[in-house]
Amino acid sequence: MRQRKRGSKDPEMPFGENVRGSSQADRVRIRTAWMYYVEQLTQSEIAAILNVGRVTVVRLLADARARNEIKITINAKVADTTELERGLEELFDIQKAIVAPLSGPQADPVPVISAAAGDYISQIATSNMRVGVGWGRTLYNTLPFIKGQSLTGFRVYSLLGGIIQARRFNPAEFAWQLAELFQGEGFLVPAPAIVDSVETKRTLIERCGLNTIFEMAEDLDAVLLSVGGTTSTATSYQVGYLTDAQHDSLVAAGAIGDLLFHFFDERGNLIDHEINDRVMSVGLDRLRRAPIRLLASGGPEKVGALIGAMKLVNPTVFITDEVTAASMIERTRLNGSRKKA
């Protein structure tokens, strides 16, 4: 079983006494109990995974028993989501997965994913933090769940160009509203998300000052991303970024999803398509350097895209809903079994 090295940086804030918020403390305590009583890991192994001391593990287990959370089994609903979280972490080598409960298979997963992501963003936000952000309905809907505060030196960088029309899901909208919540500074990419040619892109970057914006993304502390799908319900398709002909050609080329308009297949490879050369966004290689890489997304139409995104951007934190999580685990294990057969 994969274990984190003691002392390695975990995107979750320090455990134990420094955990901010009861929901976070509850999650850490239950995860500790799950690993000890269900997975039967030793206290030392749990301490290494959580990057805490063994004394902290002992205290967390004692707290769980005192709260009557440890009986024959852990609370069924908590156990279900915890099992999915651990499954995602092991299959995709994620430092932390957060699985939000969903009322039913047909329910819209965006509200619950956004709520969980907003809570997590509230916990990791600190002064002098440099955060790069993507766009989309899921990220935009985190805003009501983020607990704003005044943070010195907090900076937000939009990682993608915008659109001409004023829409809620314009990439610039989430970036500046997030900056406002923490009374920080916002930096936008003053260009369309997709330009007409590679030459135009090169000119904007080299001669119009956009290289300065992109260079700012070289040393980010965190990136907040969401995955786009390729169905007709995808945000990029609905807001008019892509024409019908472009959408059809992307699907024909093997695209299953996109990250900042970088279209990729389920194996996590960027597809060979001219749109990938014309997108005005920070390169994915730069995003992979950020210590915290949060990916928040879900929905049955995005299962394949999310599996590909795991390989493409290697998130350190993944937030989704329980239906999507179960589908991702089942699909990945099934594909693995087919390869061995």
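Rules behind the numbers
Residues numbered from 1 in each chain as written. Predicted model: local features only at pLDDT ≥ 70, side-chain atom pairs only at ≥ 80, totals over all residues. Heavy atoms only, no water. Buried < 20%, exposed > 50% of the residue type's maximum accessible area, 1.4 Å probe, protein only. Helix = DSSP H or I, 4+ residues; strand = E, 2+ residues; numbered from the N terminus. Arc of directions from axis to C-beta. Contact = heavy atoms within 4.5 Å. Phe/Tyr/Trp six-rings, centres within 6.5 Å; stacked < 30°, edge-to-face > 60°. pLDDT = per-residue confidence, 0-100. Pairing = 2+ DSSP bridges. Axes fitted to C-alpha atoms, helices over the stretch in contact; angles between N-to-C directions. Parallel < 35°, antiparallel > 145°, perpendicular 65-115°, else oblique. Nonpolar A, V, L, I, M, F, W, Y, C, P; charged D, E, K, R; others polar. Salt bridge = Lys/Arg side-chain N within 4 Å of Asp/Glu carboxyl O. Polar contact = N/O pair within 3.5 Å; in protein donor to acceptor, adjacent residues only side chain to side chain. Core = buried A, V, L, I, M, F, W, Y, C linked by side-chain atoms within 4.5 Å.

1. A look at helix α8 (residues 198-207)
Phase 1: Listed as buried for α8 are K201, L204 and I205. Looking straight down α8, one finds that the buried residues subtend no more than 90 degrees of arc, so they occupy a single side. Exposed positions of α8 whose direction lies more than 90 degrees from the buried face are E206 and R207.
Phase 2: The secondary structure elements touched by the buried residues of α8 are β4 (185-192), α9 (210-216) and α12 (275-278).
Phase 3: Two residues or fewer after α8 comes G209, characterised by a positive phi angle close to 85 degrees.

2. Some details on the packing of aromatic side chains
Phase 1: Taken as a whole, this structure holds five aromatic pairs when the rule is applied.
Phase 2: On the basis of an interplanar angle of 45 degrees and a centroid distance of 4.8 Å, the ring pair of F154 and F182 is categorised as tilted. Of this pair, F154 sits in the loop between α6 (137-140) and β3 (155-162) while F182 sits in the loop between α7 (171-181) and β4, and the two are 28 residues apart along the sequence.
Phase 3: For F154, a relative accessible area of 2% corresponds to the buried category.
Phase 4: Look at F182 and you get buried, because its relative accessible area is 0%.
Phase 5: A connected cluster of aromatic rings, assembled from ring pairs, spans W135, F261 and F263.

3. Quick word on the confidence of the model for the protein chain
Phase 1: With 84% of its residues at a pLDDT of 70 or more, the protein chain has an overall mean of 85.
Phase 2: Of the regions scoring below 50 in pLDDT, residues 1-21 engages in 57 contacts with residues more than four places distant in sequence or in other chains.

4. Some details on the sheet that holds strand β5 (residues 222-225)
Phase 1: If you trace the seven strands from one edge of the open sheet to the other, you get β1-β9-β8-β5-β2-β3-β4, paired in parallel fashion. The outermost strands of the open sheet, each flanked by one partner alone, are β1 (96-100) and β4. Across the sheet, the mean angle from the axis of one strand to that of its neighbour is 15 degrees, orientation sign disregarded.
Phase 2: Sheet topology note: the strand β2 (residues 130-133)/β3 ladder contains four bridges and is parallel. Paired with G132 across the strands is Y157, a residue of β3.
Phase 3: Relative to the sheet, α7 contacts β2, β3, β4 and β5, its axis offset from that of β3 by approximately 170 degrees.

5. Re the packing of helix α2 (residues 43-50) against helix α3 (residues 54-66)
Phase 1: It is at 8 Å that the axes of α2 and α3 come closest, and there the two elements cross at 105 degrees. Classified by the angle between their axes, α2 and α3 sit roughly perpendicular to one another. On α3, the residues that touch Q43, S44, I46 and A47 of α2 are R54, V57, V58 and L61.
Phase 2: Broken down by class, the residue content of the contact of α2 with α3 amounts to five nonpolar, two polar and one charged.

6. A closer look at the pattern of salt bridges
Phase 1: Throughout the structure, instances matching the rule amount to 18 salt bridges.
Phase 2: Between R289 and E218 there is a salt bridge, and its shortest N-O distance comes to 2.3 Å. Of this pair, R289 sits in the loop between α13 (284-287) and β8 (292-296) while E218 is found in the loop between α9 and β5, placing the two residues 71 residues apart along the sequence.
Phase 3: Beyond isolated ion pairs, a larger network of salt bridges with shared partners links R27, R31, E85, R86, E89 and E90.

7. Things to note about the side chain of S297
Phase 1: With respect to the helices, strands and loops of the structure, S297 is situated in the loop between β8 and α14 (303-313).
Phase 2: When its relative accessible area of 0% is taken as the criterion, S297 is described as buried.
Phase 3: Of note is the side chain of S297, whose polar atom sits 3.4 Å from the backbone oxygen of V227.
Phase 4: Setting aside residues no more than four positions away along its own chain, S297 makes contact with I113, S226, V227, K302, L306, F318, I319 and T320.

8. Brief notes about the nonpolar core
Phase 1: L88, L159, L225, L259, F261, L295 and M328 are the most contacted members of the largest nonpolar core, which totals 55 residues.
Phase 2: Counting 31 residues, the second largest nonpolar core, distinct from the first, contains I113, A117, Y140 and L143.

9. A look at the side chain of D258
Phase 1: Structurally, D258 can be placed in strand β6 (residues 257-259).
Phase 2: Only 2.9 Å separates the side chain of D258 from the backbone nitrogen of F261, close enough to count as a polar contact.

10. Points about the pairing of β3
Phase 1: Within β3, seven of the eight residues are buried, which leaves it mostly tucked inside the rest of the structure.
Phase 2: In terms of strand pairing, β3 meets β4 through five bridges, oriented parallel. Within the sheet, the bridge partner assigned to V156 lies in β4 and is G186.

11. Remarks on unusual backbone geometry
Phase 1: The phi angle at D93 is positive, at roughly 55 degrees, despite the residue not being glycine.
Phase 2: Looking at the element boundaries, D93 is found in the loop between α4 (76-92) and β1.
Phase 3: In the Ramachandran plot, Q183 falls in the positive-phi region, its phi being about 50 degrees despite a non-glycine side chain.
Phase 4: With respect to the helices and strands, Q183 occurs in the loop between α7 and β4.

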